[in-house]
Amino acid sequence: MDLNNKLQEVSKLFRIEHKYVDYETIQVGNVNKTYKVNFIRADGSPKSYLIQNVNTYAFRNPEGLMDNIDKVTEYIRKKKPGQTALHFHHTAERSTYVQDGENFWRLTNYVPSVTYNVVNDLDIVHNAGAAFGDFQRCLSDFNSNELIETIPDFHNTRQRYEQFCTAISEDKAGRVAEVQEEIDFLLAVKEQACKMTDMQLTGKLPLRVTHNDTKINNVLFSPDTNKPLVIIDLDTVMPGLLGHDFGDAIRFAANYEEEDSKNLENVGLNLEVFRAFTEGFLSETLEFMTKEEIETLPLSCFVLAVELATRFLADYLNGDLYFNIRYPEHNLDRTKCQVALAKDMLTKMNDMEKIICDYCSGFGK
Ligand code: GN1
Ligand code: MG
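I will try to describe carefully the structure that is included in this document. Remember, it's a predicted structure, so these values are computed and weren't measured experimentally. (Residues numbered from 1 in each chain as written. Chains lettered and ligands numbered in written order. Predicted model: local features only at pLDDT ≥ 70, side-chain atom pairs only at ≥ 80, totals over all residues. Heavy atoms only, no water.)

**Side note on the overall build of the chain**
Scanning the chain from terminus to terminus reveals 13 helices and nine strands. The globule rule puts the C-alpha radius of gyration for 365 residues at 21 Å, and the 21 Å found for the chain is close to it. When the backbone C-alpha atoms are referred to their principal axes, the chain occupies close to 60 × 55 × 40 Å. Looking at the 365 residues of the chain, the share that counts as buried comes to 55%. Residue pairs at least 24 apart in sequence account for 74% of intrachain contacts in the chain once pairs closer than 6 positions are excluded. (Helix = DSSP H or I, 4+ residues; strand = E, 2+ residues; numbered from the N terminus. Rg over C-alpha atoms; globule rule 2.2 N^0.38 Å. Buried < 20%, exposed > 50% of the residue type's maximum accessible area, 1.4 Å probe, protein only. Contact = heavy atoms within 4.5 Å.)

Okay, structure coming up:
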(Lines give C-alpha, C1' and ligand atoms only; values in the text may rest on other atoms or scores of the structure.)
(Ligands and ions follow the chains in the order given, each with its own letter.)
Protein backbone atom coordinates (compact mmCIF):
# COMPACT_ATOMS: atom_id res chain seq x y z
CA MET A 1 0.00 0.00 0.00
CA ASP A 2 1.15 3.51 -0.80
CA LEU A 3 2.52 5.29 2.28
CA ASN A 4 0.05 8.19 1.92
CA ASN A 5 -2.83 5.74 2.14
CA LYS A 6 -1.23 3.84 4.99
CA LEU A 7 -0.64 6.98 7.08
CA GLN A 8 -4.21 8.09 6.43
CA GLU A 9 -5.51 4.71 7.49
CA VAL A 10 -3.37 4.71 10.66
CA SER A 11 -4.42 8.23 11.62
CA LYS A 12 -8.09 7.24 11.23
CA LEU A 13 -7.53 4.32 13.58
CA PHE A 14 -6.18 6.83 16.09
CA ARG A 15 -9.40 8.79 15.59
CA ILE A 16 -7.89 11.79 13.78
CA GLU A 17 -10.77 13.06 11.71
CA HIS A 18 -9.17 16.12 10.05
CA LYS A 19 -8.57 16.26 6.30
CA TYR A 20 -5.30 14.56 5.35
CA VAL A 21 -2.85 16.75 3.38
CA ASP A 22 0.55 15.04 3.12
CA TYR A 23 3.51 13.71 5.08
CA GLU A 24 7.19 14.56 5.54
CA THR A 25 9.79 11.93 6.45
CA ILE A 26 11.81 12.89 9.52
CA GLN A 27 15.38 11.89 8.74
CA VAL A 28 16.95 11.78 12.20
CA GLY A 29 16.21 8.33 13.71
CA ASN A 30 18.49 5.42 12.91
CA VAL A 31 16.09 2.68 13.99
CA ASN A 32 12.40 3.65 13.80
CA LYS A 33 10.74 5.40 10.86
CA THR A 34 9.13 8.73 11.69
CA TYR A 35 6.72 10.85 9.66
CA LYS A 36 5.25 14.27 10.29
CA VAL A 37 1.71 14.00 9.00
CA ASN A 38 -0.14 17.18 8.09
CA PHE A 39 -3.89 17.79 8.21
CA ILE A 40 -6.38 20.63 7.80
CA ARG A 41 -8.97 21.08 10.54
CA ALA A 42 -12.62 21.84 9.86
CA ASP A 43 -11.95 25.56 10.52
CA GLY A 44 -9.21 25.53 7.86
CA SER A 45 -6.26 25.71 10.26
CA PRO A 46 -3.30 23.33 9.86
CA LYS A 47 -2.60 20.55 12.39
CA SER A 48 0.22 18.00 12.42
CA TYR A 49 0.96 14.75 14.24
CA LEU A 50 3.92 12.41 14.33
CA ILE A 51 3.38 8.84 13.22
CA GLN A 52 6.12 6.31 13.89
CA ASN A 53 6.66 2.82 12.59
CA VAL A 54 8.53 1.12 15.42
CA ASN A 55 11.32 -1.20 14.29
CA THR A 56 10.25 -4.60 15.61
CA TYR A 57 13.55 -6.17 14.55
CA ALA A 58 15.25 -3.97 17.18
CA PHE A 59 12.36 -3.88 19.66
CA ARG A 60 11.08 -7.44 20.01
CA ASN A 61 8.44 -6.55 22.58
CA PRO A 62 6.83 -3.33 21.33
CA GLU A 63 3.77 -3.73 23.58
CA GLY A 64 6.02 -3.89 26.64
CA LEU A 65 7.88 -0.88 25.29
CA MET A 66 4.66 1.16 25.04
CA ASP A 67 3.80 0.11 28.55
CA ASN A 68 7.19 1.42 29.79
CA ILE A 69 6.61 4.72 28.03
CA ASP A 70 3.12 5.05 29.50
CA LYS A 71 4.42 4.53 33.02
CA VAL A 72 7.37 6.87 32.69
CA THR A 73 5.54 9.72 30.95
CA GLU A 74 2.72 9.49 33.47
CA TYR A 75 5.22 9.62 36.35
CA ILE A 76 6.94 12.70 34.91
CA ARG A 77 3.58 14.34 34.14
CA LYS A 78 2.52 14.01 37.78
CA LYS A 79 5.79 15.53 39.01
CA LYS A 80 5.72 18.34 36.43
CA PRO A 81 2.08 18.96 35.54
CA GLY A 82 2.60 22.07 33.39
CA GLN A 83 5.50 20.80 31.32
CA THR A 84 5.27 19.99 27.59
CA ALA A 85 4.84 16.24 27.28
CA LEU A 86 4.57 13.56 24.67
CA HIS A 87 1.02 12.33 24.37
CA PHE A 88 0.39 9.01 22.66
CA HIS A 89 -3.08 8.85 21.13
CA HIS A 90 -5.42 5.90 21.70
CA THR A 91 -7.47 3.87 19.26
CA ALA A 92 -11.18 3.21 19.85
CA GLU A 93 -10.05 0.08 21.74
CA ARG A 94 -7.85 2.25 24.03
CA SER A 95 -4.64 0.93 22.54
CA THR A 96 -1.60 3.18 22.03
CA TYR A 97 -0.52 1.23 18.97
CA VAL A 98 -1.82 -0.37 15.80
CA GLN A 99 -0.23 -3.48 14.44
CA ASP A 100 -0.29 -4.83 10.91
CA GLY A 101 2.13 -7.65 10.23
CA GLU A 102 5.61 -6.45 11.17
CA ASN A 103 4.51 -2.82 11.25
CA PHE A 104 3.85 -1.32 14.65
CA TRP A 105 2.36 2.16 14.40
CA ARG A 106 1.89 4.85 17.05
CA LEU A 107 0.83 8.47 16.90
CA THR A 108 1.80 11.46 19.08
CA ASN A 109 1.26 15.16 19.25
CA TYR A 110 3.67 17.19 17.12
CA VAL A 111 5.64 19.68 19.22
CA PRO A 112 6.80 22.70 17.16
CA SER A 113 10.45 22.92 18.09
CA VAL A 114 14.05 22.93 16.93
CA THR A 115 16.62 20.17 17.37
CA TYR A 116 20.40 20.17 16.97
CA ASN A 117 22.92 17.62 15.73
CA VAL A 118 25.98 19.76 16.24
CA VAL A 119 25.78 22.68 18.67
CA ASN A 120 28.36 25.33 19.39
CA ASP A 121 26.14 27.59 21.46
CA LEU A 122 27.27 26.74 24.99
CA ASP A 123 24.05 27.96 26.61
CA ILE A 124 22.06 25.47 24.53
CA VAL A 125 24.51 22.70 25.42
CA HIS A 126 24.29 23.59 29.12
CA ASN A 127 20.49 23.53 28.92
CA ALA A 128 20.55 20.12 27.24
CA GLY A 129 22.81 18.78 30.00
CA ALA A 130 20.42 20.13 32.61
CA ALA A 131 17.43 18.61 30.77
CA PHE A 132 18.95 15.10 30.74
CA GLY A 133 20.06 15.56 34.35
CA ASP A 134 16.56 16.64 35.31
CA PHE A 135 15.15 13.56 33.55
CA GLN A 136 17.39 11.36 35.72
CA ARG A 137 16.45 13.23 38.86
CA CYS A 138 12.71 12.99 38.14
CA LEU A 139 13.00 9.24 37.77
CA SER A 140 15.48 8.69 40.61
CA ASP A 141 12.71 7.41 42.89
CA PHE A 142 10.89 5.41 40.19
CA ASN A 143 10.90 1.68 40.90
CA SER A 144 12.92 0.24 38.01
CA ASN A 145 11.36 -3.22 38.55
CA GLU A 146 8.21 -1.84 36.94
CA LEU A 147 10.00 -1.50 33.59
CA ILE A 148 10.87 -4.21 31.13
CA GLU A 149 14.19 -4.17 29.28
CA THR A 150 13.01 -3.10 25.83
CA ILE A 151 16.32 -4.32 24.41
CA PRO A 152 17.89 -6.74 26.89
CA ASP A 153 21.54 -5.96 27.74
CA PHE A 154 21.36 -2.78 25.69
CA HIS A 155 24.49 -1.25 27.27
CA ASN A 156 26.11 -4.48 28.40
CA THR A 157 29.44 -3.73 26.75
CA ARG A 158 30.79 -7.26 27.25
CA GLN A 159 27.82 -8.68 25.43
CA ARG A 160 28.17 -6.08 22.68
CA TYR A 161 31.76 -7.30 22.25
CA GLU A 162 30.55 -10.90 22.02
CA GLN A 163 28.11 -9.93 19.27
CA PHE A 164 30.92 -8.04 17.55
CA CYS A 165 33.25 -11.06 17.71
CA THR A 166 30.52 -13.32 16.33
CA ALA A 167 30.04 -10.91 13.43
CA ILE A 168 33.80 -11.01 12.75
CA SER A 169 34.01 -14.80 12.79
CA GLU A 170 30.88 -15.25 10.65
CA ASP A 171 31.87 -12.51 8.19
CA LYS A 172 28.43 -12.79 6.57
CA ALA A 173 28.89 -9.89 4.14
CA GLY A 174 32.55 -10.70 3.33
CA ARG A 175 33.76 -7.36 4.68
CA VAL A 176 36.17 -8.30 7.48
CA ALA A 177 39.34 -7.89 5.43
CA GLU A 178 38.60 -4.25 4.62
CA VAL A 179 38.10 -3.20 8.27
CA GLN A 180 41.01 -4.90 10.01
CA GLU A 181 42.41 -1.63 11.36
CA GLU A 182 39.14 -0.75 13.12
CA ILE A 183 38.75 -4.31 14.42
CA ASP A 184 42.29 -4.24 15.85
CA PHE A 185 41.69 -0.98 17.70
CA LEU A 186 38.36 -2.06 19.14
CA LEU A 187 39.74 -5.40 20.35
CA ALA A 188 42.78 -3.69 21.87
CA VAL A 189 40.65 -1.42 24.09
CA LYS A 190 38.14 -4.10 25.08
CA GLU A 191 39.02 -4.37 28.78
CA GLN A 192 38.93 -0.63 29.32
CA ALA A 193 35.62 -0.38 27.45
CA CYS A 194 34.05 -3.14 29.56
CA LYS A 195 35.03 -1.63 32.89
CA MET A 196 31.68 0.00 33.63
CA THR A 197 29.76 -3.17 32.82
CA ASP A 198 32.05 -5.06 35.21
CA MET A 199 31.54 -2.44 37.91
CA GLN A 200 27.78 -2.76 37.50
CA LEU A 201 27.91 -6.54 37.79
CA THR A 202 29.96 -6.36 40.96
CA GLY A 203 27.63 -3.79 42.48
CA LYS A 204 30.12 -0.89 42.36
CA LEU A 205 27.80 1.21 40.21
CA PRO A 206 24.06 1.45 41.00
CA LEU A 207 21.30 0.68 38.50
CA ARG A 208 18.93 3.57 37.93
CA VAL A 209 16.19 4.38 35.44
CA THR A 210 17.99 5.89 32.47
CA HIS A 211 17.07 7.19 29.03
CA ASN A 212 19.78 5.25 27.19
CA ASP A 213 19.73 7.29 24.00
CA THR A 214 20.76 10.78 25.08
CA LYS A 215 21.69 12.29 21.75
CA ILE A 216 21.13 16.04 21.89
CA ASN A 217 18.70 15.71 18.98
CA ASN A 218 16.41 13.88 21.39
CA VAL A 219 15.86 17.18 23.20
CA LEU A 220 13.23 19.43 21.63
CA PHE A 221 14.05 23.11 22.15
CA SER A 222 11.73 26.07 21.98
CA PRO A 223 12.38 27.98 18.73
CA ASP A 224 11.77 31.26 20.61
CA THR A 225 13.75 30.86 23.83
CA ASN A 226 16.11 27.95 23.09
CA LYS A 227 15.04 26.38 26.38
CA PRO A 228 14.44 22.61 26.38
CA LEU A 229 10.77 21.72 25.99
CA VAL A 230 10.73 17.95 26.29
CA ILE A 231 12.94 14.89 25.96
CA ILE A 232 11.79 12.47 23.27
CA ASP A 233 12.61 8.94 22.11
CA LEU A 234 11.69 7.07 25.26
CA ASP A 235 11.93 3.61 23.64
CA THR A 236 15.03 2.66 25.58
CA VAL A 237 14.05 4.09 28.97
CA MET A 238 14.87 1.20 31.29
CA PRO A 239 17.26 0.27 34.08
CA GLY A 240 20.80 1.44 33.31
CA LEU A 241 23.83 3.33 34.57
CA LEU A 242 23.89 7.08 34.97
CA GLY A 243 27.19 7.10 33.06
CA HIS A 244 25.48 5.56 30.03
CA ASP A 245 23.33 8.65 29.67
CA PHE A 246 26.19 11.03 30.34
CA GLY A 247 28.68 9.28 28.06
CA ASP A 248 26.25 8.85 25.20
CA ALA A 249 25.30 12.51 25.33
CA ILE A 250 28.94 13.62 25.27
CA ARG A 251 30.01 11.30 22.44
CA PHE A 252 27.28 12.85 20.33
CA ALA A 253 27.11 16.52 21.38
CA ALA A 254 30.75 17.21 22.18
CA ASN A 255 32.13 15.75 18.96
CA TYR A 256 33.32 18.54 16.63
CA GLU A 257 31.66 16.61 13.82
CA GLU A 258 28.39 14.70 13.34
CA GLU A 259 28.46 11.05 14.39
CA ASP A 260 28.82 9.77 10.82
CA SER A 261 31.22 12.42 9.54
CA LYS A 262 33.78 11.48 6.91
CA ASN A 263 36.06 14.37 7.98
CA LEU A 264 38.01 12.19 10.36
CA GLU A 265 40.77 14.75 10.81
CA ASN A 266 38.21 17.10 12.40
CA VAL A 267 36.58 14.49 14.62
CA GLY A 268 37.36 14.91 18.31
CA LEU A 269 36.14 15.95 21.72
CA ASN A 270 35.37 19.65 22.09
CA LEU A 271 36.26 20.33 25.73
CA GLU A 272 34.27 23.56 25.90
CA VAL A 273 31.13 21.72 24.86
CA PHE A 274 32.06 18.97 27.31
CA ARG A 275 32.33 21.54 30.11
CA ALA A 276 29.00 23.20 29.29
CA PHE A 277 27.08 19.91 29.09
CA THR A 278 28.76 18.51 32.21
CA GLU A 279 27.99 21.56 34.32
CA GLY A 280 24.35 21.50 33.21
CA PHE A 281 24.03 17.78 33.87
CA LEU A 282 25.76 17.86 37.27
CA SER A 283 23.68 20.84 38.38
CA GLU A 284 20.76 18.39 38.49
CA THR A 285 22.45 15.12 39.42
CA LEU A 286 25.48 15.77 41.63
CA GLU A 287 23.38 15.78 44.78
CA PHE A 288 22.41 12.10 44.47
CA MET A 289 25.41 10.64 42.60
CA THR A 290 27.82 8.21 44.26
CA LYS A 291 31.58 8.78 44.34
CA GLU A 292 32.13 5.94 41.84
CA GLU A 293 29.55 7.39 39.47
CA ILE A 294 31.34 10.73 39.49
CA GLU A 295 34.75 9.14 39.05
CA THR A 296 33.69 7.09 36.03
CA LEU A 297 32.16 9.99 34.05
CA PRO A 298 35.22 10.61 31.83
CA LEU A 299 35.55 6.87 31.19
CA SER A 300 31.85 6.65 30.31
CA CYS A 301 32.36 8.92 27.28
CA PHE A 302 35.06 6.62 25.91
CA VAL A 303 32.98 3.53 26.73
CA LEU A 304 29.92 4.76 24.86
CA ALA A 305 31.92 5.78 21.78
CA VAL A 306 33.65 2.38 21.66
CA GLU A 307 30.50 0.39 22.39
CA LEU A 308 28.63 2.14 19.59
CA ALA A 309 31.58 1.58 17.24
CA THR A 310 31.35 -2.19 17.92
CA ARG A 311 27.60 -2.04 17.19
CA PHE A 312 27.98 -0.09 13.93
CA LEU A 313 30.82 -2.33 12.78
CA ALA A 314 29.03 -5.56 13.74
CA ASP A 315 26.04 -4.35 11.71
CA TYR A 316 28.28 -3.53 8.75
CA LEU A 317 29.81 -7.00 8.94
CA ASN A 318 26.36 -8.63 9.19
CA GLY A 319 25.16 -6.83 6.06
CA ASP A 320 23.39 -3.80 7.62
CA LEU A 321 20.39 -5.45 9.24
CA TYR A 322 19.88 -3.24 12.30
CA PHE A 323 20.56 0.46 11.68
CA ASN A 324 18.83 2.40 8.92
CA ILE A 325 21.52 3.30 6.40
CA ARG A 326 21.34 6.09 3.86
CA TYR A 327 24.11 4.70 1.60
CA PRO A 328 26.05 1.38 1.47
CA GLU A 329 29.11 2.44 3.52
CA HIS A 330 27.11 4.35 6.13
CA ASN A 331 27.78 1.96 9.01
CA LEU A 332 31.48 1.91 8.14
CA ASP A 333 31.68 5.72 8.18
CA ARG A 334 29.85 5.76 11.49
CA THR A 335 32.34 3.24 12.89
CA LYS A 336 35.39 5.19 11.71
CA CYS A 337 34.02 8.36 13.22
CA GLN A 338 33.38 6.77 16.64
CA VAL A 339 36.83 5.16 16.58
CA ALA A 340 38.49 8.50 15.82
CA LEU A 341 36.50 10.12 18.60
CA ALA A 342 37.39 7.38 21.10
CA LYS A 343 41.09 7.79 20.26
CA ASP A 344 40.89 11.52 20.84
CA MET A 345 39.03 11.00 24.13
CA LEU A 346 41.88 8.80 25.37
CA THR A 347 44.23 11.77 25.07
CA LYS A 348 41.79 14.02 26.95
CA MET A 349 40.89 11.89 29.98
CA ASN A 350 42.80 14.18 32.36
CA ASP A 351 41.18 17.29 30.93
CA MET A 352 37.70 15.79 31.40
CA GLU A 353 38.57 14.73 34.92
CA LYS A 354 39.79 18.21 35.81
CA ILE A 355 36.62 19.88 34.54
CA ILE A 356 34.51 17.51 36.65
CA CYS A 357 36.73 17.91 39.74
CA ASP A 358 36.67 21.70 39.48
CA TYR A 359 32.88 21.69 39.32
CA CYS A 360 32.47 19.18 42.16
CA SER A 361 34.91 20.91 44.50
CA GLY A 362 32.66 23.97 44.35
CA PHE A 363 30.04 21.81 46.06
CA GLY A 364 32.40 20.14 48.52
CA LYS A 365 32.27 16.80 46.64
C1 GN1 B 1 19.92 4.51 17.41
O2 GN1 B 1 17.36 5.44 16.16
P3 GN1 B 1 18.03 6.37 17.06
O4 GN1 B 1 18.78 7.39 16.28
O5 GN1 B 1 17.13 6.95 18.10
C6 GN1 B 1 20.21 3.49 18.53
C7 GN1 B 1 21.11 4.10 19.59
C8 GN1 B 1 22.38 4.62 18.96
C9 GN1 B 1 22.00 5.61 17.87
C10 GN1 B 1 23.22 6.11 17.16
C11 GN1 B 1 17.35 1.43 19.81
O12 GN1 B 1 19.14 5.53 17.93
O13 GN1 B 1 21.44 3.12 20.55
O14 GN1 B 1 23.20 5.23 19.92
O15 GN1 B 1 21.13 5.01 16.90
N16 GN1 B 1 18.95 3.06 19.12
C17 GN1 B 1 18.67 1.76 19.26
O18 GN1 B 1 22.88 7.19 16.36
O19 GN1 B 1 19.44 0.87 18.96
MG1 MG C 1 16.69 6.30 19.87
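**As for the pattern of salt bridges**
On inspection of all chains with the given rule, the structure shows 23 salt bridges. A salt bridge links glutamate 293 to arginine 208, with the nearest nitrogen and oxygen atoms 2.8 Å apart. Here the residue glutamate 293 occupies a position in helix H10 (residues 291–295), and arginine 208 occupies one in strand E6 (residues 208–210), the gap between them amounting to 85 residues. Accessibility expressed as a relative area gives 4% for glutamate 293, which makes it buried. Arginine 208 gets classed as buried once you look at its relative accessible area, which sits at 16%. Between lysine 262 and aspartate 333 there is a salt bridge whose closest N-O contact spans 2.7 Å. (Salt bridge = Lys/Arg side-chain N within 4 Å of Asp/Glu carboxyl O.)

**Re the coordination of the magnesium ion (ligand 2)**
At 1.8 to 1.9 Å from the magnesium ion (ligand 2) lie its protein donor atoms, namely Asp213 (OD) and Asp233 (OD). With aspartate 213 in the loop between E6 and strand E7 (219–221) and aspartate 233 in the loop between strand E8 (228–231) and strand E9 (238–240), this residue pair connects regions lying 20 residues apart in the sequence. The partly exposed category is assigned to aspartate 233, whose relative accessible area is 23%. (Donors = N, O, S within 2.8 Å, 3.2 Å for Na, K, Ca; no water.)

**Looking at helix H2 (residues 62–79)**
Here H2 is 18 residues long and its end C-alpha atoms lie 26 Å apart, about the 26 Å a rise of 1.5 Å per residue gives. For H2, the full list of buried residues reads Pro62, Gly64, Leu65, Met66, Asn68, Ile69, Val72, Thr73 and Ile76. If you follow the buried residues of H2, they end up packed against strand E5 (103–109) and helix H3 (122–138). (Expected span 1.5 Å × (residues − 1).)

**A word on the pairing of strand E1 (residues 19–26)**
Relative to strand E2 (residues 33–40), E1 is paired through seven bridges, and the arrangement is antiparallel. Residue lysine 19 lies in a different strand from E2, and its bridge partner there is isoleucine 40. The hairpin formed by E1 and E2 contains six residues between the paired strands. (Pairing = 2+ DSSP bridges.)

**What to know about unusual backbone geometry**
Outside of glycine, negative phi angles account for most residues, and trans bonds account for most peptide bonds. Residue aspartate 153 is not a glycine yet carries a positive backbone phi of 55°. Position of aspartate 153 relative to the elements: it lies in the loop between H3 and helix H4 (157–170). Of note, the phi angle at aspartate 233 is positive, near 60°, even though the residue is not glycine.

**Some thoughts on the site of ligand 1**
Neighbouring ligand 1 are 17 residues; Asn30, Lys215, Glu259, Arg311 and Tyr322 lie closest to it. At 2.7 Å from an oxygen atom of ligand 1 is found a side-chain nitrogen or oxygen belonging to asparagine 30. Take lysine 215: an N or O atom from its side chain is 2.5 Å from an oxygen atom of ligand 1. Protein contact buries 94% of the 450 Å² of open area that ligand 1 shows by itself. In terms of residue count, the dominant contributor to the shell around ligand 1 is helix H11 (residues 297–318) (three residues). Among the residues forming the shell around ligand 1, the class breakdown is eight nonpolar, three polar and six charged. (Near = heavy atom within 4 Å. Polar contact = N/O pair within 3.5 Å; in protein donor to acceptor, adjacent residues only side chain to side chain. Areas by Shrake-Rupley, 256 points an atom, 1.4 Å probe, with all protein chains shown as cover. Nonpolar A, V, L, I, M, F, W, Y, C, P; charged D, E, K, R; others polar.)

**Here's the deal with the nonpolar core**
The nonpolar side chains of a soluble globular protein tend to be buried with one another. Leu186, Ile250, Phe277 and Leu313 are the most contacted members of the largest nonpolar core, which totals 101 residues. Sorting elements by how many residues they give to this core places H11 first, with 15 residues. Each residue touching leucine 313, except ones within four places of it in the same chain, is listed here: Phe164, Val179, Glu182, Ile183, Leu186, Leu332 and Thr335. Phe39, Ile51, Val98 and Trp105 belong to the second largest nonpolar core, which has 13 residues in total. (Core = buried A, V, L, I, M, F, W, Y, C linked by side-chain atoms within 4.5 Å.)

**Side note on the environment of threonine 285**
Here threonine 285 lies in helix H9 (residues 271–285). In this structure threonine 285 comes out as buried when scored by relative accessible area, which is 0%.

**As for the packing of aromatic side chains**
Counted according to the given criterion, the structure contains 15 aromatic pairs. Ring plane angle 20° and centroid distance 6.1 Å describe the contact between phenylalanine 277 and phenylalanine 281, whose orientation is recorded as stacked. Here phenylalanine 277 and its partner phenylalanine 281 are both found in helix H9, four residues apart, which amounts to about one turn of the helix. For phenylalanine 277, a relative accessible area of 1% gives the class buried. Arranged with centres 4.8 Å apart and planes meeting at 75°, the rings of tyrosine 322 and phenylalanine 323 form a pair that is edge-to-face. Residue classification places phenylalanine 323 among the buried residues on the basis of a relative accessible area of 8%. Through pairs of rings, three or more aromatic residues link up here, namely Tyr57, Phe312, Tyr322 and Phe323. Taking NZ or CZ as reference, lysine 36 lies 4.8 Å from the ring centre of tyrosine 110, over its face. (Phe/Tyr/Trp six-rings, centres within 6.5 Å; stacked < 30°, edge-to-face > 60°. Lys NZ or Arg CZ within 6 Å of the ring centre and 35° of its normal.)

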